[in-house]
Amino acid sequence: MDLKVWNPCAALTMKQSSNVPTFLSKMWTLVEETHTNEIITWKQNGQSFLVLDEQGFAKEILPKYFKHNNMANFVRQLNMYGFRKERDGPVEFQHPYFKQGQDDLLENIKRKIVQFIVTLVQNNQLVSLKHKRPLL
Amino acid sequence: MDLKVWNPCAALTMKQSSNVPTFLSKMWTLVEETHTNEIITWKQNGQSFLVLDEQGFAKEILPKYFKHNNMANFVRQLNMYGFRKERDGPVEFQHPYFKQGQDDLLENIKRKIVQFIVTLVQNNQLVSLKHKRPLL
Amino acid sequence: MDLKVWNPCAALTMKQSSNVPTFLSKMWTLVEETHTNEIITWKQNGQSFLVLDEQGFAKEILPKYFKHNNMANFVRQLNMYGFRKERDGPVEFQHPYFKQGQDDLLENIKRKIVQFIVTLVQNNQLVSLKHKRPLL
DNA sequence: ACCGTTCTAGAATATTCGGTA
DNA sequence: TTACCGAATATTCTAGAACGG
């Protein structure tokens, strides 16, 4: 098996101290990066981002930020955070709170929770056993 | 072995992020296209569309939008969405919500569901086992 | 807009007239192909297959047999037919009836059906309305 | 308790083949 | 005969689930 060089410490342009999950701040950073615009970049209007070179993105960009080099894993995370893919066409994802130049919106993006737990919580059937309080 | 060139990435005039199925937005787009009016075009009143050159449509237009080049497949989709063919005359299809210049009507067109499931649901014999609720 | 070349008509070494689904016969054929052994090939024991060059497989092999060029779509089909991925290591999938040189075993591989329908059928709650018979 | 990685499955539409009214 | 439909597989996008950190 080949030797992969992980570099999860690529310089982030936004401070990691905020309450924004690591995935979101890393992803926002790598889309903002201008010297990789041939691979991944904002769409013209800055309302979504494009992956122009899926191969290069998976093998060169991803391992610089995450512990893997698979596009499928990246997409799984995108969906976990509510991003949607543009159908038919080049790889394009969007989220109402993921926009060019506005990293302050990222904190509005919430990671999805396991659905059957959400339902139970909504039905007041599930509480935190540790702190004895509702979860949502 | 023959080499077929599919190019399903023809530019769409509608946003794909809408809730309109891909087939409808693609089809509406290709009928609207003016530079292919010799092959497929709106009827004079804009209430239905005509396929003037079936061969050209199948072999040149279809593979630009879909992953096939068969007229029969296209017609199957039309029927799935409730389009009806005009008897007697050139190839002409119509649907009450498919009109020239009005892509906002497309969202009213509903795709048919597998019939035996529809019937069972109407008889209240089919529920989603996952969510414990009727499917329709 | 980019131009993609689909060639779903690559010569098959097994006759398509059998009752084996297209996906299985195509996949068995492309694994058997010796001139692409650098990209995809049988494991030494012939009990599973390896994808050695995922990038090349997705962009060069897949579109020669199927109407897409995405690894994810290929994996979805594999799972639909019951193939399992080998954890930890290079891309390796296996199925008890998918073995080197034995295309006669392929007919034992069954495609999965939507699960909630399977359950209903097993409970004798779902029949074909057309032919008035159980569906399985 | 939450996030990240991985593999598999759900669900809707799309393509194909063949049958029926 | 022709238009339409049934049903299975194929393609696409998203979610479930297990596990570890």
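- Under an unreviewed UniProt entry, chain A has the name HSF-type DNA-binding domain-containing protein and belongs to Piliocolobus tephrosceles.
- What the UniProt record of chain A gives under Subcellular location (unreviewed entry) is the line "Nucleus".
- Its UniProt record gives chain A the following Sequence similarities (unreviewed entry) comment, quoted word for word: "Belongs to the HSF family."

**Structural notes on the sheet that holds strand E2 (residues 49-51) of chain B**
Residues and elements named next belong to chain B.
No. 1: Spatial ordering of the open sheet is given by E1-E2-E4-E3, a layout of four strands whose pairing is antiparallel. The open sheet has two edge strands with one neighbour each: strand E1 (40-42) and strand E3 (84-85).
No. 2: By the bridge criterion, two bridges tie E3 to strand E4 (residues 91-94) in an arrangement that is antiparallel. For Arg-84, the partnering residue across the bridge sits in E4 and is Gln-94.
No. 3: In this fold helix H1 (residues 22-32) packs onto E1 and E2, with an angle of close to 90° to the strand it touches most, E1.

**Considerations on helix H1 (residues 22-32) of chain C**
Residue and element names in this part refer to chain C.
No. 1: Across the eleven residues of H1, nine count as buried, placing the element largely inside the fold.
No. 2: Residues of H1 that are buried: Phe-23, Leu-24, Ser-25, Lys-26, Met-27, Trp-28, Thr-29, Leu-30 and Val-31.
No. 3: Buried residues belonging to H1 abut strand E1 (40-42), strand E2 (49-51), helix H2 (54-65) and helix H3 (71-80).

**As for the pattern of salt bridges**
Opposite charge on two side chains lets them pair, provided their charged atoms get close.
All names here are of chain A.
No. 1: Within this structure, the stated rule accounts for four salt bridges over all chains.
No. 2: A salt bridge links Lys-43 to Glu-92; the nearest nitrogen and oxygen atoms lie 3.1 Å apart. Placement of Lys-43 in the loop between strand E1 (40-42) and strand E2 (49-51) and of Glu-92 in strand E4 (residues 91-94) is noted, with a sequence separation of 49 residues between them.

**Remarks on the UniProt feature "domain: HSF-type DNA-binding" (unreviewed entry) in chain A**
No. 1: UniProt marks residues 19-112 of chain A with the feature "domain: HSF-type DNA-binding" (unreviewed entry), using the numbering shown here.
No. 2: Secondary structure content for residues 19-112 of chain A is 35% helix and 13% strand, while the C-alpha to C-alpha distance between its ends is 16 Å.

**Examining the sheet that holds strand E3 (residues 84-85) of chain A**
Residue and element names in this part refer to chain A.
No. 1: What the four strands build is an open sheet, ordered E1-E2-E4-E3; its pairing is antiparallel. At either margin of the open sheet sits one strand with a lone partner, and together these are E1 and E3.
No. 2: Bridge count for E2 against E4 is three bridges, and the pairing is antiparallel. Bridge pairing in E4 places Val-51 opposite Val-91.
No. 3: Running over the sheet, helix H1 (residues 22-32) touches E1 and E2 and is turned about 90° from E1.

What counts and what doesn't
- Residues numbered from 1 in each chain as written.
- Chains lettered and ligands numbered in written order.
- Predicted model: local features only at pLDDT ≥ 70, side-chain atom pairs only at ≥ 80, totals over all residues.
- Heavy atoms only, no water.
- UniProt positions renumbered as here; feature names shortened; annotations may be inferred.
- Pairing = 2+ DSSP bridges.
- Helix = DSSP H or I, 4+ residues; strand = E, 2+ residues; numbered from the N terminus.
- Contact = heavy atoms within 4.5 Å.
- Axes fitted to C-alpha atoms, helices over the stretch in contact; angles between N-to-C directions.
- Buried < 20%, exposed > 50% of the residue type's maximum accessible area, 1.4 Å probe, protein only.
- Salt bridge = Lys/Arg side-chain N within 4 Å of Asp/Glu carboxyl O.

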